[in-house]
Amino acid sequence: MTDPSIDGWFEGGEHVRPVRVYYEDTDFSGVVYHAQYLAFFERGRTDFLRCAGVGHAELEAAEEPRFFVVRKIAVEYATPARIDDLLHVRTRFFPSKGARLTISQQMVRGEELVATAEVEAACIDGAGRPKRLPKDAAAKISAAMGA
């Protein structure tokens, strides 16, 4: 069971996850530290999956365990986020091919773009070898995207 106030919600095939900026997320000037954006984007990807019914714990506990790893990420910072800001991480998954997942993310403050991330993730087994996403997980992601 997910809680929309914490885990976010779906809007038109896109997952929206609120993130409040705390003091611990910022540098000495009150601006979000550049690496913290990666953590905010990670929360968006994880909660997309959780809200779609694809939990990391279930994938790990499966007969043939699967894990997600980020293979490549490109972040573009548009404007700084600051302490106490309420941000929304908007996450969209695209159809997967084999073991790869393509994910596009935006971080906004109201209507203002704060940052974007283009992510390539991979599904792997316990030995670190690429493995196709389980069919039920792929179906749940597709359903969440409205496909």
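Scroll up a little and you will see the structure.
Rules and cut-offs
- Residues numbered from 1 in each chain as written.
- Predicted model: local features only at pLDDT ≥ 70, side-chain atom pairs only at ≥ 80, totals over all residues.
- Heavy atoms only, no water.
- Helix = DSSP H or I, 4+ residues; strand = E, 2+ residues; numbered from the N terminus.
- Rg over C-alpha atoms; globule rule 2.2 N^0.38 Å.
- Buried < 20%, exposed > 50% of the residue type's maximum accessible area, 1.4 Å probe, protein only.
- Contact = heavy atoms within 4.5 Å.
- Areas by Shrake-Rupley, 256 points an atom, 1.4 Å probe, with all protein chains shown as cover.
- Lys, Arg positive; Asp, Glu negative; His and termini not counted.
- Charge placed at Lys NZ, Arg CZ, Asp CG, Glu CD.
- Phe/Tyr/Trp six-rings, centres within 6.5 Å; stacked < 30°, edge-to-face > 60°.
- Salt bridge = Lys/Arg side-chain N within 4 Å of Asp/Glu carboxyl O.
- Axes fitted to C-alpha atoms, helices over the stretch in contact; angles between N-to-C directions.
- Parallel < 35°, antiparallel > 145°, perpendicular 65-115°, else oblique.
- Nonpolar A, V, L, I, M, F, W, Y, C, P; charged D, E, K, R; others polar.

When its secondary structure is counted, the protein chain shows four helices and six strands. In the protein chain, the succession of α and β elements from N to C terminus is α-β-β-α-α-β-β-β-β-α. Radius of gyration (C-alpha) of the protein chain: 16 Å, near the 15 Å computed for a compact globule of 147 residues. Along the first, second and third principal axes, the C-alpha atoms of the protein chain reach 50 × 30 × 25 Å. Burial status across the protein chain gives 41% buried among its 147 residues. Within the protein chain, contacts between residues at least 6 apart in sequence are counted, and of these 65% link residues at least 24 apart. Carbon together with sulfur atoms contributes 53% to the accessible area of the protein chain, which is approximately 8300 Å² in total. When the 19 positive and 22 negative side-chain charges of the protein chain are each reduced to one mean point, those points stand 7 Å apart.

Quick look at the packing of aromatic side chains now. This model, assessed by the stated rule, comprises three aromatic pairs. Aromatic pair tyrosine 37 and tyrosine 77: ring centres 4.9 Å apart, planes at 75°, arrangement edge-to-face. Here the residue tyrosine 37 occupies a position in helix α2 (residues 36-52), and tyrosine 77 occupies one in strand β3 (residues 67-77), the gap between them amounting to 40 residues. Between the aromatic rings of phenylalanine 48 and phenylalanine 93, the centroid separation amounts to 4.2 Å while the plane-to-plane angle is 25°, which identifies the pairing as stacked. Of the two residues, phenylalanine 48 sits in helix α2 while phenylalanine 93 sits in strand β4 (residues 86-97), which places them 45 residues apart along the sequence. By the burial criterion, phenylalanine 48 is buried, and phenylalanine 93 matches it. Put simply, the rings of Phe10, Phe48 and Phe93 touch in pairs and so form one group of aromatic residues.

Turning to the pattern of salt bridges, a few remarks are in order. Applying the stated criterion to the full structure yields 13 salt bridges. When the shortest N-O distance is used, the salt bridge between glutamate 11 and arginine 90 registers 3.0 Å. Of this pair, glutamate 11 sits in strand β1 (residues 9-11) while arginine 90 sits in strand β4; the two residues are 79 residues apart in sequence, bridging distant segments of the chain. A salt bridge links glutamate 120 to arginine 71; the nearest nitrogen and oxygen atoms lie 2.8 Å apart.

Turning next to the side chain of glutamine 36. Secondary-structure assignment places glutamine 36 in helix α2. Residue classification places glutamine 36 among the buried residues on the basis of a relative accessible area of 17%. Aside from chain neighbours lying at most four places away, what touches glutamine 36 is Asp25 and Arg43.

Close contact between α2 and helix α4 (residues 135-144) brings their axes to 9 Å; oriented N to C, the two are set at 100°. In this view, α2 runs roughly perpendicular relative to α4, as classed from their interaxial angle. For the pair formed by α2 and α4, the contact residues are Phe48, Leu49 and Ala52 on the first element and Lys140, Ile141 and Ala144 on the second. Its residues placed into classes, the contact of α2 with α4 shows five nonpolar, no polar and one charged.

What follows concerns unusual backbone geometry. Its identity is not glycine, yet aspartate 84 carries a phi of approximately 75°, on the positive side. Looking at the element boundaries, aspartate 84 is found in the loop between β3 and β4. Taking the relative accessible area as the measure of exposure, aspartate 84 reaches 55% and is therefore exposed.

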